[in-house]
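Given next are the chains, with one letter for each unit.
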Amino acid sequence: MPVPSASSTGEGQAAPGRPVRRRVEQQRAQRARAQPQQERARESERQQRSPVREDSALGGGRGIRVLTSTDVGSVRGGVYRPCPVLEGAVVPWGRIDNRPPPTGRLMPNARVGLLFEGDNPVPRQSLSVEDAPQPSELRTLEQAAAQTDRQAFALLATAIDWSTHGATALTRAIDLALALDMVSLARELAHQGNRIFPEDRRLQQAMAVLAPPVVRGTRPAQSLHLTASQRWLKEHASQYTGQWVAVRGGTLLGSAATLQELHERIGIEGQAASTIVVKVLPCASANL
Amino acid sequence: MAQFDTLLIDGGFAIGSTDYAEHYPSDWHNTRIVVTVIAGGYAVPMIVDTGAPWCVLDPELAELWGLTPTETYTVSTTLHVRGMAYEGALVRAAVALQATRGADLEIEATFFIPRLASGEVWPWPNFLGLEGFLSRIRFAVDAAENVFYFGPQ
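Conventions used here
- Residue positions are given per chain, counting from 1 as you read along its sequence in written order.
- As they are written, the chains are lettered A onward and the ligands numbered 1 onward, keeping that order.
- Where totals are concerned, whole chains, interfaces and linings use all residues; where local detail is concerned, this predicted model gives features only for residues with pLDDT of at least 70, and gives and counts side-chain atom pairs only at 80 or more.
- Under the DSSP-based scheme used, a helix requires at least four consecutive residues in state H or I and a strand at least two consecutive residues in state E, with every element numbered from the N terminus.
- Put plainly, a residue is buried at 20 or more neighbouring C-beta atoms within 10 Å of its own, exposed at 12 or fewer, and partly exposed in between, counting only other residues' C-beta atoms, which are placed from the backbone.
- Once C-beta atoms are placed from the backbone, any two residues with those atoms within 7 Å are in contact.
- For this quantity, the arc is that covered by the directions from the helix axis to the C-beta atoms.
- Only Asp, Glu, Lys and Arg are considered charged in this grouping, and only Ala, Val, Leu, Ile, Met, Phe, Trp, Tyr, Cys and Pro are considered nonpolar; every other residue, Gly among them, is considered polar.
- We call two strands paired when DSSP finds no fewer than two bridges between them.

1. Some details on the overall build of chain B
(1) Moving on: For chain B, the count of helices and strands is 2 helices and 10 strands.
(2) Moving on: Across chain B, helices and strands are ordered from the amino to the carboxyl terminus as α-β-β-β-β-α-β-β-β-β-β-β.
(3) Moving on: Going through the 153 residues of chain B one by one, you find that 54% of them count as buried.

The following block contains the structure:
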(Lines give C-alpha, C1' and ligand atoms only; values in the text may rest on other atoms or scores of the structure.)
Protein backbone atom coordinates (compact mmCIF):
# COMPACT_ATOMS: atom_id res chain seq x y z
CA MET A 1 0.00 0.00 0.00
CA PRO A 2 1.89 3.09 -1.12
CA VAL A 3 2.24 6.08 1.10
CA PRO A 4 0.32 8.92 -0.57
CA SER A 5 2.58 11.25 -2.47
CA ALA A 6 3.68 14.49 -0.99
CA SER A 7 1.57 17.55 -1.59
CA SER A 8 2.77 20.24 -3.91
CA THR A 9 3.93 22.20 -0.96
CA GLY A 10 6.56 19.66 -0.03
CA GLU A 11 7.52 18.72 3.48
CA GLY A 12 4.28 19.39 5.28
CA GLN A 13 6.06 21.38 7.93
CA ALA A 14 5.43 25.09 8.07
CA ALA A 15 8.25 27.51 8.42
CA PRO A 16 7.27 29.23 11.62
CA GLY A 17 7.38 32.95 12.05
CA ARG A 18 6.05 36.19 10.80
CA PRO A 19 6.62 35.94 7.03
CA VAL A 20 4.24 33.01 6.68
CA ARG A 21 1.67 34.60 8.95
CA ARG A 22 1.87 37.81 6.98
CA ARG A 23 1.41 35.84 3.77
CA VAL A 24 -1.63 34.11 5.23
CA GLU A 25 -3.15 37.39 6.20
CA GLN A 26 -2.39 38.91 2.82
CA GLN A 27 -4.01 36.01 1.03
CA ARG A 28 -7.01 36.22 3.27
CA ALA A 29 -7.32 39.91 2.53
CA GLN A 30 -7.11 39.26 -1.21
CA ARG A 31 -9.89 36.75 -1.04
CA ALA A 32 -11.95 39.01 1.12
CA ARG A 33 -11.72 41.75 -1.51
CA ALA A 34 -12.98 39.32 -4.10
CA GLN A 35 -15.93 38.13 -2.01
CA PRO A 36 -19.41 39.50 -2.25
CA GLN A 37 -20.16 41.96 0.47
CA GLN A 38 -22.70 39.79 2.22
CA GLU A 39 -20.32 36.94 2.53
CA ARG A 40 -17.66 39.26 3.88
CA ALA A 41 -20.04 40.36 6.56
CA ARG A 42 -20.72 36.80 7.57
CA GLU A 43 -17.06 36.01 7.63
CA SER A 44 -16.27 39.00 9.74
CA GLU A 45 -18.93 38.07 12.24
CA ARG A 46 -17.55 34.59 12.45
CA GLN A 47 -14.02 35.80 12.94
CA GLN A 48 -15.08 38.05 15.77
CA ARG A 49 -16.90 35.25 17.50
CA SER A 50 -14.07 32.76 17.17
CA PRO A 51 -10.95 34.41 15.95
CA VAL A 52 -8.50 32.31 14.06
CA ARG A 53 -5.13 32.05 15.65
CA GLU A 54 -2.04 30.06 15.17
CA ASP A 55 -0.48 28.06 17.89
CA SER A 56 2.86 26.49 17.16
CA ALA A 57 2.81 24.71 20.51
CA LEU A 58 -0.11 22.67 19.24
CA GLY A 59 2.06 21.40 16.47
CA GLY A 60 3.73 19.01 18.86
CA GLY A 61 6.88 21.09 19.03
CA ARG A 62 7.85 20.09 15.52
CA GLY A 63 7.54 23.49 13.97
CA ILE A 64 4.11 22.67 12.63
CA ARG A 65 1.71 25.57 12.65
CA VAL A 66 -1.88 24.96 13.42
CA LEU A 67 -4.55 27.44 12.74
CA THR A 68 -7.55 27.10 14.94
CA SER A 69 -10.09 29.21 16.60
CA THR A 70 -9.34 28.06 20.07
CA ASP A 71 -6.49 26.52 21.88
CA VAL A 72 -8.61 24.36 24.06
CA GLY A 73 -7.40 20.81 23.96
CA SER A 74 -4.15 19.33 22.73
CA VAL A 75 -2.71 17.78 19.71
CA ARG A 76 -1.42 14.24 19.49
CA GLY A 77 0.43 12.91 16.52
CA GLY A 78 2.64 15.17 14.54
CA VAL A 79 1.89 15.39 10.90
CA TYR A 80 -0.74 17.56 9.34
CA ARG A 81 -1.96 18.00 5.87
CA PRO A 82 -1.13 21.33 4.30
CA CYS A 83 -4.10 23.52 3.64
CA PRO A 84 -4.52 23.26 -0.12
CA VAL A 85 -5.84 26.77 -0.67
CA LEU A 86 -2.99 28.69 0.84
CA GLU A 87 -0.52 27.97 -1.89
CA GLY A 88 3.05 28.71 -1.13
CA ALA A 89 2.38 28.65 2.58
CA VAL A 90 2.46 25.37 4.37
CA VAL A 91 -0.42 25.77 6.73
CA PRO A 92 -1.43 22.55 8.30
CA TRP A 93 -4.85 21.56 9.29
CA GLY A 94 -6.26 18.26 10.35
CA ARG A 95 -9.35 16.21 10.44
CA ILE A 96 -11.02 15.89 13.76
CA ASP A 97 -11.30 12.37 15.00
CA ASN A 98 -13.68 12.87 17.87
CA ARG A 99 -17.20 13.97 17.30
CA PRO A 100 -18.02 17.59 17.95
CA PRO A 101 -20.21 18.23 20.96
CA PRO A 102 -23.80 19.17 20.20
CA THR A 103 -23.55 22.76 21.33
CA GLY A 104 -20.89 23.71 18.85
CA ARG A 105 -19.91 22.82 15.37
CA LEU A 106 -16.47 21.99 14.15
CA MET A 107 -16.01 22.99 10.60
CA PRO A 108 -12.95 22.39 8.48
CA ASN A 109 -12.38 25.60 6.67
CA ALA A 110 -10.39 25.40 3.49
CA ARG A 111 -9.02 28.89 3.96
CA VAL A 112 -7.92 28.94 7.53
CA GLY A 113 -7.91 25.39 8.74
CA LEU A 114 -10.17 24.52 11.58
CA LEU A 115 -12.83 26.94 12.59
CA PHE A 116 -15.20 26.68 15.46
CA GLU A 117 -18.67 27.95 15.14
CA GLY A 118 -21.12 28.54 17.86
CA ASP A 119 -21.03 30.48 21.07
CA ASN A 120 -19.27 27.94 23.19
CA PRO A 121 -15.68 27.01 22.60
CA VAL A 122 -15.40 23.41 21.64
CA PRO A 123 -12.67 21.31 23.12
CA ARG A 124 -10.47 19.83 20.49
CA GLN A 125 -8.88 16.61 21.62
CA SER A 126 -6.86 14.96 18.99
CA LEU A 127 -6.16 15.43 15.39
CA SER A 128 -5.31 12.86 12.86
CA VAL A 129 -4.76 12.96 9.18
CA GLU A 130 -5.37 10.33 6.56
CA ASP A 131 -3.00 11.64 4.02
CA ALA A 132 0.11 13.60 4.73
CA PRO A 133 3.13 14.63 2.79
CA GLN A 134 5.81 12.06 3.24
CA PRO A 135 8.23 12.98 6.01
CA SER A 136 11.88 12.86 5.11
CA GLU A 137 12.60 9.70 7.10
CA LEU A 138 10.00 7.80 5.13
CA ARG A 139 11.44 9.10 1.89
CA THR A 140 14.86 7.93 3.03
CA LEU A 141 13.40 4.54 3.80
CA GLU A 142 11.90 4.31 0.31
CA GLN A 143 15.25 5.30 -1.17
CA ALA A 144 17.08 2.60 0.80
CA ALA A 145 14.58 0.05 -0.47
CA ALA A 146 14.89 1.28 -4.05
CA GLN A 147 18.68 0.94 -3.78
CA THR A 148 18.34 -2.51 -2.19
CA ASP A 149 20.41 -1.27 0.72
CA ARG A 150 19.16 -3.75 3.28
CA GLN A 151 21.45 -2.58 6.03
CA ALA A 152 20.34 1.03 5.74
CA PHE A 153 16.74 -0.04 5.42
CA ALA A 154 16.90 -2.15 8.56
CA LEU A 155 18.64 0.58 10.54
CA LEU A 156 16.07 3.15 9.49
CA ALA A 157 13.04 0.95 9.90
CA THR A 158 14.00 0.01 13.44
CA ALA A 159 14.92 3.59 14.37
CA ILE A 160 11.75 5.28 13.15
CA ASP A 161 9.18 6.08 15.80
CA TRP A 162 6.20 4.61 13.98
CA SER A 163 3.77 6.01 16.51
CA THR A 164 4.28 9.41 14.87
CA HIS A 165 3.29 8.08 11.46
CA GLY A 166 0.10 6.51 10.27
CA ALA A 167 -0.66 2.84 9.87
CA THR A 168 -0.41 3.30 6.11
CA ALA A 169 3.25 4.24 6.36
CA LEU A 170 4.02 1.25 8.54
CA THR A 171 2.16 -1.07 6.19
CA ARG A 172 4.23 0.32 3.35
CA ALA A 173 7.41 -0.36 5.34
CA ILE A 174 6.31 -3.97 5.82
CA ASP A 175 5.69 -4.36 2.09
CA LEU A 176 9.13 -2.91 1.37
CA ALA A 177 10.78 -5.24 3.88
CA LEU A 178 9.13 -8.22 2.19
CA ALA A 179 10.25 -7.00 -1.20
CA LEU A 180 13.79 -7.02 0.19
CA ASP A 181 13.29 -10.56 1.52
CA MET A 182 13.70 -9.25 5.06
CA VAL A 183 10.99 -11.41 6.54
CA SER A 184 12.12 -11.16 10.16
CA LEU A 185 12.10 -7.38 9.96
CA ALA A 186 8.69 -7.40 8.29
CA ARG A 187 7.43 -9.60 11.10
CA GLU A 188 8.91 -7.32 13.73
CA LEU A 189 7.32 -4.27 12.10
CA ALA A 190 3.98 -6.04 11.97
CA HIS A 191 4.24 -6.77 15.69
CA GLN A 192 5.07 -3.16 16.38
CA GLY A 193 2.21 -2.05 14.20
CA ASN A 194 -0.24 -4.17 16.13
CA ARG A 195 0.92 -2.58 19.36
CA ILE A 196 0.69 0.98 18.08
CA PHE A 197 -2.35 0.66 15.81
CA PRO A 198 -4.28 -2.29 17.24
CA GLU A 199 -7.44 -1.47 15.31
CA ASP A 200 -5.83 -1.34 11.88
CA ARG A 201 -7.01 -4.31 9.84
CA ARG A 202 -4.08 -4.26 7.45
CA LEU A 203 -1.59 -4.58 10.27
CA GLN A 204 -3.68 -7.29 11.89
CA GLN A 205 -3.56 -9.15 8.59
CA ALA A 206 0.19 -8.64 8.22
CA MET A 207 0.78 -10.00 11.69
CA ALA A 208 -1.37 -13.04 11.04
CA VAL A 209 0.21 -13.84 7.70
CA LEU A 210 3.78 -13.25 8.76
CA ALA A 211 3.49 -15.24 11.96
CA PRO A 212 5.73 -18.30 12.09
CA PRO A 213 4.14 -21.62 11.10
CA VAL A 214 2.09 -23.18 13.83
CA VAL A 215 1.71 -26.88 14.47
CA ARG A 216 -2.00 -27.52 14.63
CA GLY A 217 -1.92 -31.15 15.60
CA THR A 218 -1.07 -34.67 14.67
CA ARG A 219 -3.07 -37.71 13.66
CA PRO A 220 -2.13 -41.33 13.06
CA ALA A 221 -0.73 -42.05 9.63
CA GLN A 222 -3.41 -43.18 7.19
CA SER A 223 -2.85 -45.94 4.70
CA LEU A 224 -3.45 -43.99 1.55
CA HIS A 225 -1.79 -46.43 -0.84
CA LEU A 226 -0.26 -43.64 -2.86
CA THR A 227 2.55 -45.75 -4.29
CA ALA A 228 0.35 -47.23 -7.03
CA SER A 229 -0.85 -43.76 -8.02
CA GLN A 230 2.69 -42.45 -8.11
CA ARG A 231 3.63 -45.35 -10.35
CA TRP A 232 0.69 -44.56 -12.68
CA LEU A 233 1.84 -40.96 -12.91
CA LYS A 234 5.34 -42.04 -13.83
CA GLU A 235 4.04 -44.23 -16.61
CA HIS A 236 1.19 -42.15 -17.99
CA ALA A 237 1.45 -38.50 -16.94
CA SER A 238 3.22 -37.42 -20.11
CA GLN A 239 0.02 -38.21 -22.03
CA TYR A 240 -1.77 -35.44 -20.10
CA THR A 241 0.70 -32.58 -20.37
CA GLY A 242 -0.94 -29.30 -19.39
CA GLN A 243 -3.92 -31.10 -17.83
CA TRP A 244 -4.96 -31.60 -14.23
CA VAL A 245 -5.26 -35.28 -13.37
CA ALA A 246 -6.74 -37.14 -10.42
CA VAL A 247 -5.41 -40.61 -9.65
CA ARG A 248 -6.40 -42.99 -6.90
CA GLY A 249 -5.26 -46.52 -6.21
CA GLY A 250 -3.28 -46.54 -9.45
CA THR A 251 -6.36 -45.60 -11.51
CA LEU A 252 -7.07 -42.38 -13.36
CA LEU A 253 -10.29 -40.83 -12.06
CA GLY A 254 -10.33 -38.02 -14.54
CA SER A 255 -8.49 -35.23 -16.29
CA ALA A 256 -9.42 -31.66 -17.21
CA ALA A 257 -7.95 -28.38 -18.36
CA THR A 258 -8.70 -26.71 -15.05
CA LEU A 259 -8.73 -27.93 -11.49
CA GLN A 260 -12.27 -26.73 -10.96
CA GLU A 261 -13.48 -28.80 -13.91
CA LEU A 262 -11.61 -31.85 -12.61
CA HIS A 263 -13.02 -31.35 -9.13
CA GLU A 264 -16.54 -31.31 -10.53
CA ARG A 265 -15.88 -34.19 -12.87
CA ILE A 266 -14.64 -36.64 -10.24
CA GLY A 267 -17.44 -35.66 -7.87
CA ILE A 268 -17.71 -36.32 -4.19
CA GLU A 269 -16.55 -39.93 -4.56
CA GLY A 270 -13.25 -38.79 -5.98
CA GLN A 271 -12.57 -36.18 -3.35
CA ALA A 272 -10.43 -38.05 -0.85
CA ALA A 273 -7.02 -37.90 0.77
CA SER A 274 -6.07 -40.97 -1.22
CA THR A 275 -6.64 -39.11 -4.50
CA ILE A 276 -3.53 -37.49 -5.89
CA VAL A 277 -4.35 -34.28 -7.74
CA VAL A 278 -1.63 -32.70 -9.84
CA LYS A 279 -1.16 -30.57 -12.93
CA VAL A 280 1.10 -32.27 -15.45
CA LEU A 281 3.63 -29.62 -16.34
CA PRO A 282 5.66 -29.44 -19.52
CA CYS A 283 9.09 -30.88 -18.82
CA ALA A 284 10.86 -27.53 -19.04
CA SER A 285 8.54 -25.95 -16.49
CA ALA A 286 9.01 -28.59 -13.86
CA ASN A 287 12.72 -27.98 -13.95
CA LEU A 288 13.67 -25.17 -11.61
CA MET B 1 9.94 -49.93 8.22
CA ALA B 2 12.85 -47.68 7.30
CA GLN B 3 16.26 -48.10 8.88
CA PHE B 4 16.15 -45.02 11.06
CA ASP B 5 12.46 -44.99 11.98
CA THR B 6 13.14 -46.28 15.45
CA LEU B 7 16.00 -43.90 16.08
CA LEU B 8 14.28 -40.77 14.81
CA ILE B 9 10.62 -41.41 15.61
CA ASP B 10 10.98 -43.28 18.88
CA GLY B 11 13.89 -41.03 19.76
CA GLY B 12 11.59 -38.00 19.57
CA PHE B 13 13.18 -36.18 16.66
CA ALA B 14 10.26 -36.89 14.36
CA ILE B 15 6.67 -37.93 14.76
CA GLY B 16 6.34 -39.43 11.30
CA SER B 17 8.14 -40.40 8.17
CA THR B 18 7.10 -40.67 4.59
CA ASP B 19 8.53 -42.35 1.52
CA TYR B 20 9.11 -39.46 -0.77
CA ALA B 21 9.09 -39.49 -4.56
CA GLU B 22 12.27 -38.58 -6.35
CA HIS B 23 10.56 -36.80 -9.18
CA TYR B 24 7.77 -34.31 -9.49
CA PRO B 25 5.11 -35.74 -11.80
CA SER B 26 6.19 -35.14 -15.41
CA ASP B 27 9.69 -34.02 -14.41
CA TRP B 28 11.51 -37.29 -14.65
CA HIS B 29 14.92 -35.85 -15.40
CA ASN B 30 15.46 -33.99 -12.14
CA THR B 31 15.78 -35.53 -8.73
CA ARG B 32 13.73 -33.83 -6.05
CA ILE B 33 12.31 -34.52 -2.65
CA VAL B 34 8.59 -34.67 -3.35
CA VAL B 35 6.34 -35.26 -0.39
CA THR B 36 2.59 -35.56 -0.28
CA VAL B 37 0.59 -32.96 1.51
CA ILE B 38 -3.05 -33.45 2.37
CA ALA B 39 -5.02 -30.28 1.80
CA GLY B 40 -8.42 -29.38 0.54
CA GLY B 41 -9.36 -33.04 0.75
CA TYR B 42 -6.76 -34.19 -1.77
CA ALA B 43 -3.21 -35.52 -1.79
CA VAL B 44 -1.03 -32.90 -3.41
CA PRO B 45 2.63 -33.40 -4.32
CA MET B 46 4.95 -30.63 -3.14
CA ILE B 47 8.67 -30.20 -3.61
CA VAL B 48 10.68 -29.69 -0.42
CA ASP B 49 12.84 -26.70 -1.26
CA THR B 50 14.97 -25.07 1.43
CA GLY B 51 15.95 -22.46 -1.16
CA ALA B 52 12.41 -21.22 -1.54
CA PRO B 53 11.57 -18.40 0.86
CA TRP B 54 7.89 -19.29 0.99
CA CYS B 55 5.64 -22.18 0.28
CA VAL B 56 4.24 -21.74 -3.21
CA LEU B 57 0.85 -22.90 -4.27
CA ASP B 58 -0.72 -23.12 -7.69
CA PRO B 59 -3.43 -20.42 -7.80
CA GLU B 60 -6.00 -22.99 -8.95
CA LEU B 61 -5.37 -25.05 -5.83
CA ALA B 62 -5.59 -21.91 -3.73
CA GLU B 63 -8.91 -21.04 -5.31
CA LEU B 64 -10.30 -24.53 -4.76
CA TRP B 65 -9.27 -24.37 -1.11
CA GLY B 66 -10.85 -20.95 -0.69
CA LEU B 67 -7.50 -19.25 -0.13
CA THR B 68 -7.82 -16.57 -2.79
CA PRO B 69 -7.51 -13.27 -0.94
CA THR B 70 -10.69 -11.25 -0.94
CA GLU B 71 -9.61 -8.34 1.21
CA THR B 72 -8.81 -5.01 -0.36
CA TYR B 73 -5.40 -5.12 1.17
CA THR B 74 -3.28 -8.27 1.20
CA VAL B 75 0.26 -8.75 2.32
CA SER B 76 2.09 -9.00 -0.96
CA THR B 77 5.53 -9.84 -2.11
CA THR B 78 7.48 -10.77 -5.21
CA LEU B 79 8.92 -14.19 -5.86
CA HIS B 80 11.53 -14.85 -8.49
CA VAL B 81 11.31 -18.15 -10.30
CA ARG B 82 13.77 -18.88 -13.06
CA GLY B 83 14.45 -15.22 -13.59
CA MET B 84 10.76 -14.32 -13.76
CA ALA B 85 9.27 -12.13 -11.09
CA TYR B 86 5.81 -12.99 -9.87
CA GLU B 87 3.75 -10.70 -7.73
CA GLY B 88 1.52 -12.49 -5.31
CA ALA B 89 -0.24 -12.52 -2.00
CA LEU B 90 0.81 -14.24 1.19
CA VAL B 91 -1.99 -16.19 2.80
CA ARG B 92 -2.35 -18.52 5.70
CA ALA B 93 -3.42 -22.14 5.17
CA ALA B 94 -3.37 -25.42 7.05
CA VAL B 95 -1.92 -28.51 5.41
CA ALA B 96 -0.94 -31.93 6.73
CA LEU B 97 2.32 -33.66 5.95
CA GLN B 98 1.20 -37.16 5.15
CA ALA B 99 3.09 -39.90 6.94
CA THR B 100 3.72 -43.43 5.86
CA ARG B 101 4.76 -44.37 9.38
CA GLY B 102 4.06 -42.66 12.66
CA ALA B 103 1.72 -39.67 12.51
CA ASP B 104 0.70 -36.95 10.08
CA LEU B 105 1.64 -33.43 11.07
CA GLU B 106 -0.85 -30.64 10.50
CA ILE B 107 0.69 -27.20 10.15
CA GLU B 108 -0.74 -23.76 9.59
CA ALA B 109 1.73 -22.10 7.28
CA THR B 110 2.16 -19.13 5.00
CA PHE B 111 1.76 -19.66 1.28
CA PHE B 112 2.63 -17.46 -1.65
CA ILE B 113 -0.21 -17.39 -4.15
CA PRO B 114 0.89 -15.82 -7.43
CA ARG B 115 -1.33 -13.22 -9.05
CA LEU B 116 -1.62 -14.11 -12.67
CA ALA B 117 -2.91 -12.14 -15.58
CA SER B 118 -6.17 -13.20 -17.17
CA GLY B 119 -5.60 -16.36 -19.19
CA GLU B 120 -2.17 -16.97 -17.65
CA VAL B 121 -1.50 -20.33 -16.01
CA TRP B 122 1.00 -21.13 -13.31
CA PRO B 123 3.73 -23.19 -14.98
CA TRP B 124 5.62 -24.31 -11.87
CA PRO B 125 5.19 -27.01 -9.21
CA ASN B 126 4.06 -26.50 -5.64
CA PHE B 127 6.75 -25.96 -3.04
CA LEU B 128 7.27 -26.28 0.68
CA GLY B 129 9.63 -23.43 1.42
CA LEU B 130 11.83 -22.46 4.29
CA GLU B 131 10.43 -19.32 5.86
CA GLY B 132 6.81 -20.17 5.93
CA PHE B 133 7.08 -23.86 6.73
CA LEU B 134 10.32 -25.80 7.05
CA SER B 135 12.01 -23.37 9.43
CA ARG B 136 9.53 -24.31 12.14
CA ILE B 137 9.68 -28.07 11.99
CA ARG B 138 12.36 -30.62 12.43
CA PHE B 139 13.06 -32.58 9.30
CA ALA B 140 15.63 -35.03 8.06
CA VAL B 141 16.22 -36.81 4.80
CA ASP B 142 17.52 -40.33 4.34
CA ALA B 143 18.37 -40.28 0.65
CA ALA B 144 19.49 -43.91 0.76
CA GLU B 145 15.94 -45.03 1.45
CA ASN B 146 14.01 -42.01 0.12
CA VAL B 147 12.56 -41.28 3.52
CA PHE B 148 11.58 -37.83 4.76
CA TYR B 149 11.28 -37.50 8.53
CA PHE B 150 9.35 -34.67 10.12
CA GLY B 151 8.15 -33.47 13.47
CA PRO B 152 7.33 -30.36 15.47
CA GLN B 153 10.10 -28.36 17.06
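2. Quick notes on the overall build of chain A
(1) Moving on: Along the backbone of chain A there are 10 helices and 12 strands.
(2) Moving on: Going through the 288 residues of chain A one by one, you find that 36% of them count as buried.
(3) Moving on: Summarising the internal contacts of chain A: among those between residues at least 6 apart in sequence, 55% fall at separations of at least 24.

3. Some remarks on helix 7 (residues 201-210) of chain A
(1) Moving on: Within the span of helix 7 of chain A, buried status applies to Arg202, Leu203, Gln205, Ala206, Val209 and Leu210 of chain A. All buried residues of helix 7 of chain A fall inside an arc of 155° around its axis, so they share one side.
(2) Moving on: Those residues of helix 7 of chain A that are buried lie in contact with helix 5 (167-179) and helix 6 (183-196) of chain A together with strand 6 (84-97) and strand 7 (101-114) of chain B.

4. So, helix 3 (residues 136-146) of chain A
Residue and element names in this part refer to chain A.
(1) Moving on: Here helix 3 has its buried residues at Leu138, Leu141, Ala144 and Ala145. Along the axis of helix 3, the buried residues cluster in a sector spanning 115°; they form a single face. Summarising the geometry of helix 3, the exposed residues directed more than 90 degrees from the buried face are Ser136 and Ala146.
(2) Moving on: Just downstream of helix 3 lies Thr148, where phi reads positive at about 55°.

5. Side note on the interface of chain A and chain B
(1) Moving on: If you look at the interface, chain A gives 49 residues, while chain B gives 54 residues.
(2) Moving on: Mapped onto the side of chain A that touches chain B, the elements with two or more residues apiece are helix 5, helix 7, strand 9 (214-220), helix 8 (226-236), helix 9 (259-270), strand 12 (275-279) and helix 10 (283-286) of chain A.
(3) Moving on: When residues of the side of chain A that touches chain B are assigned to their parent elements, the largest contribution, 7 residues, is made by strand 9 of chain A.
(4) Moving on: Its residues assigned to classes, the side of chain A that touches chain B shows 29 nonpolar, 14 polar and 6 charged.
(5) Moving on: Bridging between strand 9 of chain A and strand 7 of chain B involves 6 bridges; their strand directions are antiparallel.

So yeah, pure geometry; function would need other evidence.
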